[in-house]
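Residue-level listing of the chains:
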Amino acid sequence: MTRHILILGGTTEGRALAAALAPSPHKVTSSLAGRVARPRLPAGEVRIGGFGGPEGLAAWLRGERVDAVVDATHPFAAGISHNAALAAAATDVPLLVLRRPGFTRVPGDHWHPTPSLAAAADLLPGLGRHVFLTTGRQGIAAFAHLDGVHFLARSVDPPEPPLPPSFEVLLDRGPFTLDGERALLREHRIDVLVTKDSGGAATAPKLTAARELRLPVVMVERPPVPDGVPVAPDVPGAVHWLEQLP
């Protein structure tokens, strides 16, 4: 049976799933939010931009006769995940969340788990003065009020105000190497790392480098998956779920 599968993408997993489904007879459409200026495009058809909330997504699912949705968005894209759950329920379209596991804490890590970026900002003055900020450009505003702290922020595209008073940006895109992360932390005299529990091998080397240098890590915890939605941790699991649909 040929199906129309919508992948809510923009992640490594979303691109890998589109590639895995490319040889199949299914029609695969990947939807990207459009927040990155030059996104890496997946195989198959691609649409860029929002749907207009859960009602707009539900209308699109009906109009395009979508048979299944895989939410392969970033683990912190809580808004689109919530909208996808509402739209899928309204249209009776099967929905799966493809979500890579979070980072694993190991002996030697000095993590400070926090529930939000605002809570992370509250912790910083007591932890260090040279901060490596890897929370994405849209989260930088949460730290804009902090004086006496210098921020080195890494993002794919330039951030927009408000920004912290002492701030510099490093435009780069992963994957990153352990040697590169070690050198970066030393060169910029970083004494605290702030990141999100996004998981994935592409950005994990910074955690190893921080462990080696015994740096504190402020770890923002990921939001929960919408209630009642099945989860696959990897692409083979998502493919298996699709194959089991009636």
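Here's a quick rundown of the structure. (Residues numbered from 1 in each chain as written. Predicted model: local features only at pLDDT ≥ 70, side-chain atom pairs only at ≥ 80, totals over all residues. Heavy atoms only, no water.)

**Observations concerning helix α5 (residues 178-187)**
Worth spelling out the cut-off: Each residue is assigned to one of three classes by its accessible area relative to the maximum for its type, calculated with a 1.4 Å probe on protein chains only: buried under 20%, partly exposed between the two thresholds, exposed over 50%. Runs of H or I in DSSP of at least four residues are treated as helices and runs of E of at least two as strands, each being numbered from the N terminus. Read the arc as the range of directions from the helix axis to the C-beta atoms. The criterion used for residue contact is that any of the two residues' heavy atoms lie within 4.5 Å.
Taken residue by residue, α5 has E181, L184 and L185 as its buried positions. The buried residues of α5 occupy an angular sector of 95° when projected down its axis, which confines them to one face. Summarising the geometry of α5, the exposed residues directed more than 90 degrees from the buried face are D179, R186 and E187. If you follow the buried residues of α5, they end up packed against β7 (130-134), β8 (150-155), β9 (167-171) and α6 (205-212). Positive phi appears at R189, one or two residues downstream of α5, with a value of about 55°.

**Digging into the side chain of R154**
We apply this condition: N or O atoms within 3.5 Å of each other form a polar contact, as long as, within protein, one can give a hydrogen and the other can take it, and as long as residues adjacent in sequence are counted only when both atoms are side-chain atoms.
Checked against the element boundaries, R154 lands in strand β8. Side chain to side chain, R154 and E181 meet in a polar contact 2.8 Å long. Dropping the residues within four chain positions of it, R154 is found in contact with F132, L133, T134, L170, D172, F176, E181, L184 and K206.

**As for the packing of α5 against α6**
Using the following cut-off: Fitting a line to C-alpha atoms yields each axis, with helices limited to the stretch in contact; the angle taken between N-to-C directions then spans 0 to 180 degrees. Working rule for angles: under 35 degrees goes down as roughly parallel, over 145 as roughly antiparallel, 65 to 115 as roughly perpendicular, anything else as oblique. Crossing chirality is assigned from the near helix's rotation relative to the far helix, an anticlockwise turn below a right angle marking it left-handed and a clockwise turn marking it right-handed. Polarity classes work like this: nonpolar for Ala, Val, Leu, Ile, Met, Phe, Trp, Tyr, Cys and Pro, charged for Asp, Glu, Lys and Arg, and polar for all others, with Gly in that last group.
Following both chains from N to C, one finds α5 and α6 inclined at 50°, their axes separated by 8 Å at the closest point. In terms of axis orientation, α5 runs oblique to α6. Seen from above, α5 lies across α6 with right-handed handedness. Listed contacts from α6 to L178, E181, R182 and L185 of α5 are P205, K206, T208, A209, A210 and E212. Residue composition of the contact of α5 with α6, by class: five nonpolar, one polar and four charged.

**Focus: the pairing of strand β1 (residues 4-8)**
Applicable threshold: What makes two strands pair is DSSP finding at least two bridges between them.
Counting buried residues along β1, five of its five residues qualify, which places the element largely inside the surrounding structure. Of the two faces of β1, both are covered, the one formed by H4, L6 and L8 as well as the one formed by I5 and I7. Where β1 lies against strand β2 (residues 27-32), five bridges are found, and the strand directions are parallel. Bridging across to β2, L8 finds its partner in S31.

**Focus on the sheet that holds β1**
Sheets are built from strands that pair by backbone hydrogen bonding, the pairs being arranged parallel or antiparallel. Spatially, six strands are ordered β3-β2-β1-β4-β5-β12 in an open sheet, and the strand pairing comes out parallel. Single-partner strands in this sheet number two, and they are β3 (45-48) and β12 (231-232). Relative to strand β4 (residues 68-71), β1 is paired through four bridges, and the arrangement is parallel. Its bridge partner being in β4, L8 is matched across the sheet by D71. Most of the contacts of helix α1 (residues 12-21) go to β1, to which it runs at about 160°, and overall it touches β1, β2, β4 and β5 (95-98).

**Some thoughts on the side chain of T29**
Turning to its location among the elements, T29 is positioned in strand β2. Engagement of the side chain of T29 in a polar contact is seen with the side chain of H4, the distance being 2.9 Å. When sequence neighbours within four positions are dropped, the list of residues in contact with T29 reads H4, I5, L6, I7, E45, R47 and W60.

**What to know about the pattern of salt bridges**
Here is the rule: Any carboxyl oxygen of Asp or Glu that lies within 4 Å of a side-chain nitrogen of Lys or Arg is treated as forming a salt bridge with it.
What the rule picks out here adds up to six salt bridges. In this structure, R211 engages D109 in a salt bridge whose closest nitrogen and oxygen atoms are separated by 2.8 Å. Remark: D109 occurs in the loop between β5 and β6 (110-114) and R211 occurs in helix α6; sequence separation between them is 102 residues. The class for R211 is partly exposed, based on a relative accessible area of 25%. Classification of D109 as buried rests on a relative accessible area of 11%. Between E181 and R154 there is a salt bridge; the shortest N-O distance is 2.8 Å. Of the two residues, E181 sits in helix α5 while R154 sits in strand β8, which places them 27 residues apart along the sequence. Using a relative accessible area of 3% as the deciding quantity, one classes E181 as buried. The exposure class assigned to R154 is buried, which follows from its relative accessible area of 8%. Several salt bridges share partner residues, and in doing so they unite D179, R182 and E212 into one network.

Geometric descriptors of this kind do not, in isolation, establish any biological role.
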